[in-house]
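Reading the structure
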There are 2 protein chains.
Amino acid sequence: METVIRKATAADAALILEFIRALAAFERAPAAVTATEEGLLRDGFGPNPFYYCLIAEDDGLPAGFAFYFFNYSTWVGRPGIYVEDLFVLPEFRRRGIGKALLKQVAAIALEHGCQRLQWEVLDWNTPAIDFYLAMGAEFLDEWRNVRLSGDALLRLVGMEGQQA
Amino acid sequence: METVIRKATAADAALILEFIRALAAFERAPAAVTATEEGLLRDGFGPNPFYYCLIAEDDGLPAGFAFYFFNYSTWVGRPGIYVEDLFVLPEFRRRGIGKALLKQVAAIALEHGCQRLQWEVLDWNTPAIDFYLAMGAEFLDEWRNVRLSGDALLRLVGMEGQQA
(Lines give C-alpha, C1' and ligand atoms only; values in the text may rest on other atoms or scores of the structure.)
Protein backbone atom coordinates (compact mmCIF):
# COMPACT_ATOMS: atom_id res chain seq x y z
CA MET A 1 0.00 0.00 0.00
CA GLU A 2 1.26 3.41 -0.93
CA THR A 3 0.43 6.61 0.93
CA VAL A 4 0.54 9.89 -0.96
CA ILE A 5 0.25 13.29 0.75
CA ARG A 6 -0.99 16.06 -1.53
CA LYS A 7 -2.20 19.65 -1.18
CA ALA A 8 -5.98 20.01 -1.17
CA THR A 9 -7.62 21.85 -4.07
CA ALA A 10 -11.03 23.49 -4.44
CA ALA A 11 -12.34 20.13 -5.70
CA ASP A 12 -11.68 18.69 -2.21
CA ALA A 13 -14.08 20.97 -0.28
CA ALA A 14 -16.71 18.22 0.14
CA LEU A 15 -14.03 15.72 1.22
CA ILE A 16 -12.59 18.21 3.74
CA LEU A 17 -16.08 18.64 5.22
CA GLU A 18 -16.42 14.84 5.51
CA PHE A 19 -13.14 14.66 7.42
CA ILE A 20 -14.17 17.58 9.68
CA ARG A 21 -17.43 15.76 10.52
CA ALA A 22 -15.67 12.44 11.16
CA LEU A 23 -13.16 14.14 13.49
CA ALA A 24 -15.94 15.99 15.38
CA ALA A 25 -17.71 12.66 15.92
CA PHE A 26 -14.48 11.20 17.33
CA GLU A 27 -14.17 14.29 19.56
CA ARG A 28 -17.66 13.52 20.94
CA ALA A 29 -19.16 16.65 19.41
CA PRO A 30 -20.83 15.48 16.16
CA ALA A 31 -23.50 18.21 16.35
CA ALA A 32 -20.91 21.00 16.67
CA VAL A 33 -20.15 21.15 12.95
CA THR A 34 -22.05 23.91 11.15
CA ALA A 35 -19.38 24.41 8.46
CA THR A 36 -20.56 24.09 4.86
CA GLU A 37 -18.85 23.06 1.64
CA GLU A 38 -19.48 26.57 0.21
CA GLY A 39 -17.84 28.23 3.23
CA LEU A 40 -14.79 25.96 3.08
CA LEU A 41 -14.46 26.64 -0.63
CA ARG A 42 -14.66 30.43 -0.14
CA ASP A 43 -12.31 30.59 2.85
CA GLY A 44 -9.60 28.16 1.73
CA PHE A 45 -9.28 28.59 -2.01
CA GLY A 46 -9.55 32.31 -2.76
CA PRO A 47 -6.68 34.77 -3.32
CA ASN A 48 -5.99 35.17 0.45
CA PRO A 49 -6.81 31.79 2.00
CA PHE A 50 -7.67 31.64 5.70
CA TYR A 51 -6.45 28.03 5.88
CA TYR A 52 -4.49 25.31 4.08
CA CYS A 53 -5.11 21.59 3.89
CA LEU A 54 -3.19 18.40 3.06
CA ILE A 55 -4.94 15.18 2.04
CA ALA A 56 -3.47 11.70 2.62
CA GLU A 57 -4.48 9.03 0.14
CA ASP A 58 -3.81 5.34 0.54
CA ASP A 59 -3.86 3.50 -2.79
CA GLY A 60 -5.95 6.38 -4.14
CA LEU A 61 -8.49 6.31 -1.29
CA PRO A 62 -8.85 9.36 1.02
CA ALA A 63 -7.36 8.30 4.36
CA GLY A 64 -6.81 11.47 6.39
CA PHE A 65 -6.16 15.19 6.41
CA ALA A 66 -4.20 17.98 8.09
CA PHE A 67 -5.87 21.40 8.29
CA TYR A 68 -3.62 24.32 9.26
CA PHE A 69 -2.97 28.06 9.09
CA PHE A 70 -0.20 30.44 10.11
CA ASN A 71 -0.06 31.97 13.57
CA TYR A 72 2.59 34.35 14.93
CA SER A 73 4.89 34.29 17.94
CA THR A 74 5.62 37.78 19.25
CA TRP A 75 8.44 36.34 21.37
CA VAL A 76 10.18 34.68 18.42
CA GLY A 77 9.11 37.39 15.96
CA ARG A 78 8.28 34.78 13.31
CA PRO A 79 5.16 33.08 12.01
CA GLY A 80 4.51 29.51 13.06
CA ILE A 81 2.01 26.93 11.88
CA TYR A 82 -1.06 26.05 13.89
CA VAL A 83 -2.54 22.64 13.10
CA GLU A 84 -6.28 22.97 13.64
CA ASP A 85 -7.13 19.37 12.67
CA LEU A 86 -5.09 16.22 12.11
CA PHE A 87 -7.16 13.12 11.48
CA VAL A 88 -6.86 9.65 9.96
CA LEU A 89 -9.95 7.52 9.32
CA PRO A 90 -10.08 4.53 11.72
CA GLU A 91 -9.57 1.93 8.96
CA PHE A 92 -6.29 3.57 7.91
CA ARG A 93 -4.70 3.93 11.35
CA ARG A 94 -1.45 2.39 12.64
CA ARG A 95 0.28 2.81 9.29
CA GLY A 96 2.10 6.05 10.03
CA ILE A 97 -0.30 8.22 8.00
CA GLY A 98 -0.84 10.73 10.84
CA LYS A 99 2.89 11.12 11.28
CA ALA A 100 3.41 11.46 7.51
CA LEU A 101 0.82 14.28 7.45
CA LEU A 102 2.45 16.06 10.39
CA LYS A 103 5.89 15.58 8.82
CA GLN A 104 4.70 17.29 5.65
CA VAL A 105 3.24 20.19 7.67
CA ALA A 106 6.57 20.48 9.51
CA ALA A 107 8.45 20.60 6.18
CA ILE A 108 6.14 23.40 4.98
CA ALA A 109 6.74 25.26 8.26
CA LEU A 110 10.53 25.08 7.82
CA GLU A 111 10.22 26.21 4.17
CA HIS A 112 8.46 29.35 5.46
CA GLY A 113 11.07 30.00 8.16
CA CYS A 114 8.68 28.98 10.93
CA GLN A 115 10.26 27.56 14.06
CA ARG A 116 7.18 26.07 15.65
CA LEU A 117 4.18 23.85 15.10
CA GLN A 118 1.36 24.16 17.60
CA TRP A 119 -1.90 22.33 18.08
CA GLU A 120 -4.32 21.24 20.80
CA VAL A 121 -5.30 17.83 22.08
CA LEU A 122 -8.24 16.76 24.26
CA ASP A 123 -7.02 15.85 27.74
CA TRP A 124 -8.62 12.36 27.58
CA ASN A 125 -6.97 11.44 24.26
CA THR A 126 -4.12 9.47 25.83
CA PRO A 127 -2.94 7.67 22.66
CA ALA A 128 -2.48 11.03 20.89
CA ILE A 129 -0.78 12.58 23.95
CA ASP A 130 1.68 9.65 24.16
CA PHE A 131 2.37 9.94 20.41
CA TYR A 132 3.15 13.67 20.75
CA LEU A 133 5.36 13.13 23.81
CA ALA A 134 7.34 10.47 21.94
CA MET A 135 7.93 13.03 19.17
CA GLY A 136 9.43 15.44 21.70
CA ALA A 137 6.49 17.87 21.83
CA GLU A 138 6.04 20.15 24.85
CA PHE A 139 2.73 20.68 26.66
CA LEU A 140 2.08 24.33 27.56
CA ASP A 141 -0.18 23.58 30.51
CA GLU A 142 0.44 26.92 32.24
CA TRP A 143 -1.69 28.63 29.58
CA ARG A 144 -5.50 28.46 29.62
CA ASN A 145 -7.49 28.86 26.40
CA VAL A 146 -10.16 31.57 26.50
CA ARG A 147 -12.96 32.11 24.00
CA LEU A 148 -15.45 34.95 23.59
CA SER A 149 -18.38 34.27 21.26
CA GLY A 150 -22.14 34.68 20.82
CA ASP A 151 -23.90 37.16 23.10
CA ALA A 152 -20.75 37.91 25.11
CA LEU A 153 -18.96 39.00 21.91
CA LEU A 154 -21.89 41.20 20.85
CA ARG A 155 -22.12 42.68 24.36
CA LEU A 156 -18.46 43.69 24.25
CA VAL A 157 -19.01 45.76 21.10
CA GLY A 158 -22.33 47.13 22.40
CA MET A 159 -24.45 45.19 19.93
CA GLU A 160 -26.32 42.93 22.35
CA GLY A 161 -29.71 41.76 21.10
CA GLN A 162 -28.49 41.54 17.49
CA GLN A 163 -27.45 38.42 15.58
CA ALA A 164 -23.73 37.73 15.10
CA MET B 1 -7.70 62.24 29.41
CA GLU B 2 -8.67 60.86 26.06
CA THR B 3 -7.86 57.37 24.81
CA VAL B 4 -7.56 56.79 21.08
CA ILE B 5 -7.28 53.32 19.50
CA ARG B 6 -5.62 53.29 16.09
CA LYS B 7 -4.26 50.72 13.65
CA ALA B 8 -0.49 50.26 13.82
CA THR B 9 1.58 51.29 10.80
CA ALA B 10 5.11 50.35 9.69
CA ALA B 11 6.35 53.37 11.69
CA ASP B 12 5.21 51.57 14.88
CA ALA B 13 7.49 48.51 14.58
CA ALA B 14 9.89 49.75 17.29
CA LEU B 15 6.97 50.62 19.59
CA ILE B 16 5.39 47.18 19.02
CA LEU B 17 8.69 45.55 20.02
CA GLU B 18 8.78 47.68 23.20
CA PHE B 19 5.28 46.49 24.11
CA ILE B 20 6.22 42.85 23.36
CA ARG B 21 9.24 43.15 25.68
CA ALA B 22 7.23 44.82 28.45
CA LEU B 23 4.58 42.09 28.26
CA ALA B 24 7.19 39.31 28.32
CA ALA B 25 8.72 40.85 31.45
CA PHE B 26 5.26 40.87 33.07
CA GLU B 27 4.84 37.21 32.01
CA ARG B 28 8.10 36.41 33.89
CA ALA B 29 9.96 35.57 30.66
CA PRO B 30 11.92 38.73 29.78
CA ALA B 31 14.72 36.74 28.08
CA ALA B 32 12.27 34.88 25.80
CA VAL B 33 11.97 37.74 23.30
CA THR B 34 14.22 37.30 20.27
CA ALA B 35 11.92 39.24 17.92
CA THR B 36 13.49 42.18 16.07
CA GLU B 37 12.13 45.44 14.70
CA GLU B 38 13.10 44.33 11.16
CA GLY B 39 11.24 41.03 11.52
CA LEU B 40 8.08 42.72 12.84
CA LEU B 41 8.22 45.22 9.98
CA ARG B 42 8.62 42.45 7.35
CA ASP B 43 5.92 40.17 8.79
CA GLY B 44 3.23 42.70 9.67
CA PHE B 45 3.36 45.38 7.00
CA GLY B 46 3.92 43.62 3.66
CA PRO B 47 1.28 42.68 1.07
CA ASN B 48 0.18 39.53 2.98
CA PRO B 49 0.63 40.39 6.67
CA PHE B 50 1.04 37.54 9.18
CA TYR B 51 -0.39 39.72 11.96
CA TYR B 52 -2.28 42.94 12.73
CA CYS B 53 -1.86 45.38 15.60
CA LEU B 54 -3.84 48.13 17.33
CA ILE B 55 -2.18 50.84 19.45
CA ALA B 56 -3.90 52.65 22.33
CA GLU B 57 -2.76 56.20 23.00
CA ASP B 58 -3.68 58.23 26.04
CA ASP B 59 -3.36 61.96 25.42
CA GLY B 60 -0.97 61.09 22.61
CA LEU B 61 1.23 58.77 24.72
CA PRO B 62 1.49 55.04 23.80
CA ALA B 63 -0.44 53.19 26.51
CA GLY B 64 -1.04 49.65 25.23
CA PHE B 65 -1.47 47.34 22.26
CA ALA B 66 -3.45 44.42 20.89
CA PHE B 67 -1.64 42.02 18.54
CA TYR B 68 -3.82 39.59 16.59
CA PHE B 69 -4.23 37.41 13.51
CA PHE B 70 -6.95 35.29 11.95
CA ASN B 71 -7.41 31.64 12.87
CA TYR B 72 -10.06 29.24 11.54
CA SER B 73 -12.70 27.06 13.17
CA THR B 74 -13.39 23.90 11.19
CA TRP B 75 -16.52 23.30 13.28
CA VAL B 76 -17.99 26.74 12.55
CA GLY B 77 -16.47 26.91 9.05
CA ARG B 78 -15.49 30.55 9.54
CA PRO B 79 -12.35 32.46 10.43
CA GLY B 80 -12.04 33.84 13.94
CA ILE B 81 -9.57 36.22 15.52
CA TYR B 82 -6.79 35.02 17.80
CA VAL B 83 -5.43 37.69 20.14
CA GLU B 84 -1.77 36.85 20.68
CA ASP B 85 -1.02 39.81 22.96
CA LEU B 86 -3.14 42.34 24.84
CA PHE B 87 -1.19 44.65 27.11
CA VAL B 88 -1.52 48.01 28.85
CA LEU B 89 1.49 49.66 30.47
CA PRO B 90 1.18 49.68 34.31
CA GLU B 91 0.86 53.48 34.58
CA PHE B 92 -2.20 53.45 32.27
CA ARG B 93 -4.16 50.64 33.92
CA ARG B 94 -7.62 50.79 35.54
CA ARG B 95 -8.92 53.22 32.93
CA GLY B 96 -10.63 50.72 30.64
CA ILE B 97 -7.89 50.80 27.99
CA GLY B 98 -7.53 46.99 27.83
CA LYS B 99 -11.26 46.63 27.37
CA ALA B 100 -11.30 49.37 24.72
CA LEU B 101 -8.57 47.51 22.78
CA LEU B 102 -10.42 44.19 23.01
CA LYS B 103 -13.69 45.91 22.02
CA GLN B 104 -12.03 47.24 18.88
CA VAL B 105 -10.65 43.78 18.02
CA ALA B 106 -14.16 42.36 18.53
CA ALA B 107 -15.61 44.97 16.18
CA ILE B 108 -13.03 44.03 13.53
CA ALA B 109 -13.92 40.35 14.02
CA LEU B 110 -17.62 41.03 13.45
CA GLU B 111 -16.84 43.16 10.36
CA HIS B 112 -15.06 40.08 8.91
CA GLY B 113 -17.92 37.73 9.76
CA CYS B 114 -15.94 36.06 12.54
CA GLN B 115 -17.96 34.60 15.39
CA ARG B 116 -15.18 34.11 17.89
CA LEU B 117 -12.27 35.76 19.64
CA GLN B 118 -9.73 33.47 21.27
CA TRP B 119 -6.67 34.05 23.37
CA GLU B 120 -4.66 32.48 26.19
CA VAL B 121 -4.03 33.54 29.75
CA LEU B 122 -1.44 32.35 32.27
CA ASP B 123 -3.11 30.27 34.97
CA TRP B 124 -1.70 32.48 37.79
CA ASN B 125 -3.00 35.74 36.28
CA THR B 126 -6.12 35.91 38.43
CA PRO B 127 -7.03 39.57 37.75
CA ALA B 128 -7.09 38.89 34.00
CA ILE B 129 -9.04 35.63 34.45
CA ASP B 130 -11.67 37.42 36.57
CA PHE B 131 -11.90 40.21 33.97
CA TYR B 132 -12.49 37.66 31.17
CA LEU B 133 -15.08 35.73 33.22
CA ALA B 134 -16.97 38.97 33.91
CA MET B 135 -17.09 39.57 30.13
CA GLY B 136 -18.74 36.17 29.63
CA ALA B 137 -15.69 34.39 28.17
CA GLU B 138 -15.46 30.58 28.30
CA PHE B 139 -12.37 28.65 29.41
CA LEU B 140 -11.63 25.63 27.20
CA ASP B 141 -9.79 23.68 29.87
CA GLU B 142 -10.40 20.27 28.25
CA TRP B 143 -7.88 21.17 25.53
CA ARG B 144 -4.12 21.03 26.12
CA ASN B 145 -1.73 23.17 24.07
CA VAL B 146 1.05 21.24 22.34
CA ARG B 147 4.16 22.68 20.70
CA LEU B 148 6.84 21.10 18.54
CA SER B 149 9.98 23.17 17.97
CA GLY B 150 13.77 23.05 17.84
CA ASP B 151 15.39 19.62 17.52
CA ALA B 152 12.07 17.77 17.79
CA LEU B 153 10.73 19.67 14.77
CA LEU B 154 13.90 18.96 12.75
CA ARG B 155 13.79 15.29 13.80
CA LEU B 156 10.23 14.96 12.48
CA VAL B 157 11.27 16.07 9.01
CA GLY B 158 14.46 14.01 9.12
CA MET B 159 16.76 17.06 9.37
CA GLU B 160 18.21 16.47 12.86
CA GLY B 161 21.63 17.97 13.39
CA GLN B 162 20.85 20.98 11.18
CA GLN B 163 19.85 24.48 12.31
CA ALA B 164 16.18 25.54 12.10
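None of the values given here were measured: they were computed from a predicted structure.

**Digging into the environment of Arg95(A)**
Residue and element names in this part refer to chain A.
- If you trace the backbone, Arg95 turns up in the loop between strand 4 (78-88) and helix 3 (97-111).
- Sequence spacing of Arg95 and Gly150 is 55 residues, and the spatial spacing of their C-alpha atoms is 41 Å.
- Among the polar contacts listed, one links the side chain of Arg95 to the side chain of Asp58, at a separation of 2.9 Å.
- A distance of 3.3 Å separates a polar side-chain atom of Arg95 from the backbone oxygen of Glu91.

**With respect to the domain arrangement of chain A**
Residue and element names in this part refer to chain A.
- Partitioning chain A into domains gives domain 1 (3-119) and domain 2 (121-164).
- Contacts between domain 1 and domain 2 engage eight residues on the former and nine residues on the latter.
- Between domain 1 and domain 2 lies a buried interface of about 770 Å² when both sides are counted; carbon and sulfur atoms form 76% of it.
- Taken together, domain 1 and domain 2 are joined by zero salt bridges.
- Across the domain 1-domain 2 interface, the total number found is zero residue pairs in polar contact (both at pLDDT 80 or more).

**Re the sheet that holds strand 2 (residues 52-58) of chain B**
- Spatial strand order, 1(B)-2(B)-3(B)-4(B)-5(B)-7(A)-6(B): seven strands in an open sheet with mixed pairing. Both outer strands of the open sheet, strand 1 (3-7) and strand 6 (138-139) of chain B, are each paired with one neighbouring strand and no more.
- In this structure, strand 7 (residues 143-149) of chain A lies alongside strand 5 (residues 116-122) of chain B, joined through seven bridges in antiparallel fashion. Each bridged residue has a counterpart across the sheet, and for Arg144(A) the counterpart in strand 5 of chain B is Val121(B).
- Where helix 4 (residues 126-134) of chain B meets the sheet, its contacts fall on strand 7 of chain A together with strand 4 (78-88), strand 5 and strand 6 of chain B, and the angle it forms with strand 5 of chain B comes to roughly 155°.

Calculation notes
Residues numbered from 1 in each chain as written. Chains lettered and ligands numbered in written order. Predicted model: local features only at pLDDT ≥ 70, side-chain atom pairs only at ≥ 80, totals over all residues. Heavy atoms only, no water. Helix = DSSP H or I, 4+ residues; strand = E, 2+ residues; numbered from the N terminus. Polar contact = N/O pair within 3.5 Å; in protein donor to acceptor, adjacent residues only side chain to side chain. Domains from an automatic or database assignment. Contact = heavy atoms within 4.5 Å. Buried area = accessible area lost by both parts, 1.4 Å probe. Salt bridge = Lys/Arg side-chain N within 4 Å of Asp/Glu carboxyl O. Pairing = 2+ DSSP bridges. Axes fitted to C-alpha atoms, helices over the stretch in contact; angles between N-to-C directions.

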